[in-house]
Every structure is written in structure tokens, then in C-alpha cells.
Amino acid sequence: MLLDSTIAELRTLLSSKKISSRDLVEEAYGAVEKLNPKLSAFISVRDKKEALLDADRADSSVKGPLSGIPFCLKDAYVTKGLKTTAGSKVLDTFIPPYSASVVQKLVAGGAILIGKNNMDAWGHGSTNENTDYGAVKNPWDITRVAGGSSGGSAVAVATRMSAFAIGEDTGGSIRAPSSMCNVAGLKVTYGRVSRYGSIAYASSLDTVGPMAKSASDIAEVLSVIAGADPKDATSSRREVPAYGALLSKPLAGTRVGIPKEFLAGGLDTEVRRVFEDVVKTFESLGAMIVSVSIPSLAYAVPIYYLIATSETSSNLNRYDGVRFGQSRELFTEETMRRIIVGTYALKAGYHDELYTRATKGRTVLVREFDAVWNTCDILLGPTMPSVPYRFGDLMEDPVKLYLADIFTVPVNLTGLPSLALPAGFSEDGLPIGIQLIGKKFDEATLLSLGYAYERATDWHTKKPNMLS
Ligand code: GLN
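Residues numbered from 1 in each chain as written. Predicted model: local features only at pLDDT ≥ 70, side-chain atom pairs only at ≥ 80, totals over all residues. Heavy atoms only, no water.

Chemist: Where do I start with the overall build of the protein chain in this structure?
Modeler: Looking only at helices and strands, the protein chain features 14 helices and 13 strands. Here the protein chain has a C-alpha radius of gyration of 20 Å; the compact-globule value for 468 residues is 23 Å, and the two agree. The principal-axis extents of the C-alpha atoms in the protein chain amount to approximately 60 × 60 × 45 Å. Of the charged side chains in the protein chain, 51 are positive and 51 negative; the average position of the first set lies 4 Å away from that of the second. (Helix = DSSP H or I, 4+ residues; strand = E, 2+ residues; numbered from the N terminus. Rg over C-alpha atoms; globule rule 2.2 N^0.38 Å. Lys, Arg positive; Asp, Glu negative; His and termini not counted. Charge placed at Lys NZ, Arg CZ, Asp CG, Glu CD.)

Written as C-alpha cells, this is what we have:
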């Protein structure tokens, strides 16, 4: 398959005219037509004729670094003229009048949109079962979840329905499905990529980031989408480094910290085994492993679920059934639960005890992470406590669902970047991932370590059996 190649390889093939963008777009649509009915990775597929016209244009003149490369997008981002639902029937009839900044940047860079990916409604979930468009199935075992909330995007990359995807991470939604589907996914530093045109879940936590087959592909996409945007006041004016050129930075001597709280229990034995192998690989590459402590990690889940639900109760206010057409009755049970919890946490009388206290806890976490950088350059941890769940395993118990986010939410609360990478498989052949956590705006170090790890291992090249 052409879409097994990296973005850099595709660019070389395209520029030497060995392949055409039309070939790539045809291949992507072929995979969508064949596999999407089984996997539910897309909510809307863009009109193929339009995409092929874009491909022909890219074949006649190169538009930018991603010229002629097909991509897809979590349905959390608005696309002009193309239905955008955020995974909820509340928006089932919504056709946006403009496109999100991330889409505009990718299109200006030459990439070709093929469709919008399924997701947990409003980003609420870790399994992609909380969607009104059919639970997303894991291509490694269709009796299991793909992870959420950007599950459709992870599945699309894993099954070569597109070269890369754009996901959204508020509390792990890029990293969880990436790990469960054996793809790479980057949660960027808060402010690194513009959120303009993203359907808000929890505005102080939401981030826009790439999902792809490898760290080097992520670097390619990040170089195009990162940077200041006058339409998003929280986007950073910091210069965007040449991520691709920095990939080969030597790893030897890097101090890799492992928070001891990450390994304290509750970790599936197979995830632990894979994690230990990853530590050995980093050691063999010359990294110095350091044990560190972040004492308040245990409070990250309650802090996150108070802040995220408070912000979502405010953000979802706008779907009042007047401006966007559909009734609020269409909110799922999980989303209703979050609106109620968040509204309660913000209510006079409970505000100080719940919301304010959570924001104070968040500050404590920020300080503890800051202190950790005195003894290490990067942190390494598991992404999810378990292999991909069976359908229904977490949905019947919301507390269990929320606890699955223990390793991912601290990064969102502190605004740090984190890269999830494929790291191995369980005995049953289910993907297991790890995450690297970096200093603010130091995506370059994360990507270079990821790149070094990928050169030493071949997990990221493995594909689900259904593709063979
Ligand atoms: N599982 C988390 C939640 O449900 C993460 C969601 C996200 O990152 N969008 O809040």
C-alpha cells in the first residue's frame, strides 16, 4: 500500500512523479469504502470528486510541504460546507460557514481532506462508545474499543484510510486511541496550535494535534499547523522550530524520569511488561533513567473531572435548540451527567469547595511538574492502564471510565506536551502504547526521542491483520 510510506517518502515519490496524488486519494477512498462499514471511523466522507480535483491540482503544481497528501479530521473541527457534529446528533444538521484554522493551514500546505472522523460526543469519553454515530471498532480486534475520544482518527491512520489525522486532546483523547490502535499521537503544549474553529469541550485544556504512523510524520504535520493565530488569543507567538530538522538530535545522556506514582499499582501486567521493555530500550540507547516523584498525581483525575465538567457545562450552554437546530434532548446520558456535575461544581455554595479547590490542586500539580525538570529532561510513562477494553466494560461504571485517564489528564492540567508511541502488544495481539512528556514548548525533544525509539524498534510498522 502506498499509504504505508512515511510522509517524507510520499513527498519524494510525488515529486519524482513515480506516483500521483490521485493514486493516494484513490487508495484512501478505497480503504474507507472497504473498511469503514465495519469500523465506523468516519461520520462524514467528503465528496470524492472534490478531493480528486484537489489531487489533480496538486499533481500539476506543488502547493506546500504536504502537497497531495490525504488526511482526515476529528469531527470536532468545523469545515466549511461539510457537516460537523462533534459526535452528537445535537449538531446532526450543522453545516459550518467557515473552516477551523488547523484546516485552513493544512489546506494551504497542500494536504487533501477526505473526511470527518467519529468521536465520543463533545470529546466526552475514553472508548469512543459515547457517540451517536456507532461505536468505533478497534481494527486489531473488532470486539474491543478503539479508545477515545479521537477513536475514528486513530483507526483511520491504523488502517491506512489516510496518511495522517488531526485529533483533539483535552484529557488524553489523542493519546488513548493512538495507544490502543498502534499509532503515534501528539498532545501539544497548550497554545502551540490554534484552537480557532474547534468545538470546545473544556477550553483551558483542549489542544489540537496530529496522529500519524510515526514521530517523523508527526513532525511534518506539526510544522504546518503550529504557530500564532490572531483568531485565538491563547495561541502562542513563540517561534515554530523546524521539527523535521531536529529529529536526529542525539539521545545519549538524556535524563528520562519515571514518576514512581505511575507504577504504583492498577497497571495491567501486560502493560507493565511492555513498559519495562521500553525502559530497557531507552537505556540501551544511552538514556539515563531517573526515578522521580509527583506526589499529587493521585488527585489528577478528580481535579480534571471537576474542571473539565465545569467548563463543558458552560461551553455546551450554547446548544439551546435555537441556534443550531436540534434539541438538547439529544445529549447522551454521559454528556448529561457531565453537564449536571459541572453545573453543580460551579453553583454558588459549592463553587469554593469544588471548582476553586480543583483549580488550586491544578496549581499544585503545575508546581510539582516544574520541580521535576530539575532532575530530568523528559518523563516516560504508560498511556493507558490496560489493553483496549471490551465494549461496555467501562460504560456501565462512569468512575471506572474516568479512572482510565489517570496517566493522561495530568499533562492537560499542566499544559505540557506529550507524545504517545506504539510500544508493543499483549499476548492476544492487542496494541500497548507509552507516552513521553516534555517541558512546555519542547515538542522537538519529544519527537527526537520518539524518532530514536522508532529506529530501535519496529512496533510502529505493524498493521492490523485485516489489512493483509
Ligand atoms: N477521557 C477524557 C474525558 O472524557 C478525555 C477527553 C478528551 O481528551 N477529549 O474527558
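On we go.
Chemist: For this particular structure, what's the right way to read the sheet that holds strand β10 (residues 288-292)?
Modeler: Sheet strands pair via backbone hydrogen bonds, and the direction of the pair is either parallel or antiparallel. Across the sheet, which stays open at both edges, the eleven strands sit in the order β1-β3-β2-β6-β8-β7-β12-β13-β11-β9-β10 with mixed pairing between neighbours. The open sheet has two edge strands, β1 (42-45) and β10, and neither has a second partner. In this sheet, adjacent strand axes meet at a mean angle of 30° when their direction is disregarded. (Pairing = 2+ DSSP bridges. Axes fitted to C-alpha atoms, helices over the stretch in contact; angles between N-to-C directions.)

Chemist: What is the right way to read the site of the ligand from this model?
Modeler: Around the ligand, the structure places 16 residues, and the nearest of them are Thr170, Gly171, Ser173, Tyr201 and Tyr304. Measuring from a nitrogen atom of the ligand, one finds a side-chain N or O atom of Ser149 at 3.4 Å. Between an oxygen atom of the ligand and a main-chain N or O atom of Gly172, the distance comes to 3.3 Å. In the complex, the protein chains occlude 99% of the 300 Å² of accessible area that the ligand would expose alone. (Near = heavy atom within 4 Å. Polar contact = N/O pair within 3.5 Å; in protein donor to acceptor, adjacent residues only side chain to side chain. Areas by Shrake-Rupley, 256 points an atom, 1.4 Å probe, with all protein chains shown as cover.)

Chemist: Is there a simple way to explain the environment of Arg11 in this structure?
Modeler: Inspection of the secondary structure assignment puts Arg11 in helix α1 (residues 7-15). The sequence separation of Arg11 and Pro65 amounts to 54 residues, and the corresponding C-alpha distance is 8.0 Å.

Chemist: Quick question: what am I supposed to make of the layout of surface pockets here?
Modeler: The gaps of empty space that remain are located by a probe, the size of a water molecule, rolled over the atoms. Taken as a whole, the largest pocket encloses approximately 370 Å³ of empty space. Taken together, 19 residues make up the lining of the largest pocket; nearest its centre are Arg46, Glu50, Asp54, Val107 and Leu113. If you list the elements that add at least two residues to the lining of the largest pocket, you get α3 (48-60), α4 (101-108) and β3 (112-117). Here the lining of the largest pocket gets four residues from one element, more than from any other, and that element is α3. Residues of the lining of the largest pocket, tallied by class, amount to seven nonpolar, five polar and seven charged. (1 Å grid on protein atoms, 1.4 Å probe; cavity = no way out; pocket = protein on both sides within 12 Å on 5 of 7 lines; lining within 4 Å. Points joined across faces, edges and corners; volume = space filled by probe spheres on them. Nonpolar A, V, L, I, M, F, W, Y, C, P; charged D, E, K, R; others polar.)

Chemist: Help me understand the pattern of salt bridges, please; the structure alone is not making it clear to me.
Modeler: Side chains that differ in charge, positive against negative, can pair when their charged atoms come close. A complete count under the given rule lists 22 salt bridges for this structure. Of the charged contacts, one joins Arg22 and Asp56 as a salt bridge, the two residues approaching to 2.9 Å between their closest N and O atoms. One end of the pair, Arg22, is in helix α2 (residues 21-39); the other, Asp56, is in helix α3, and 34 residues separate them in sequence. When its relative accessible area of 32% is taken as the criterion, Arg22 is described as partly exposed. Notably, a salt bridge pairs Asp92 with Lys83, separated by 3.0 Å at the nearest N-O pair. The structure contains a network of salt bridges with shared partners spanning Arg22, Glu26, Lys48 and Asp56. (Salt bridge = Lys/Arg side-chain N within 4 Å of Asp/Glu carboxyl O. Buried < 20%, exposed > 50% of the residue type's maximum accessible area, 1.4 Å probe, protein only.)

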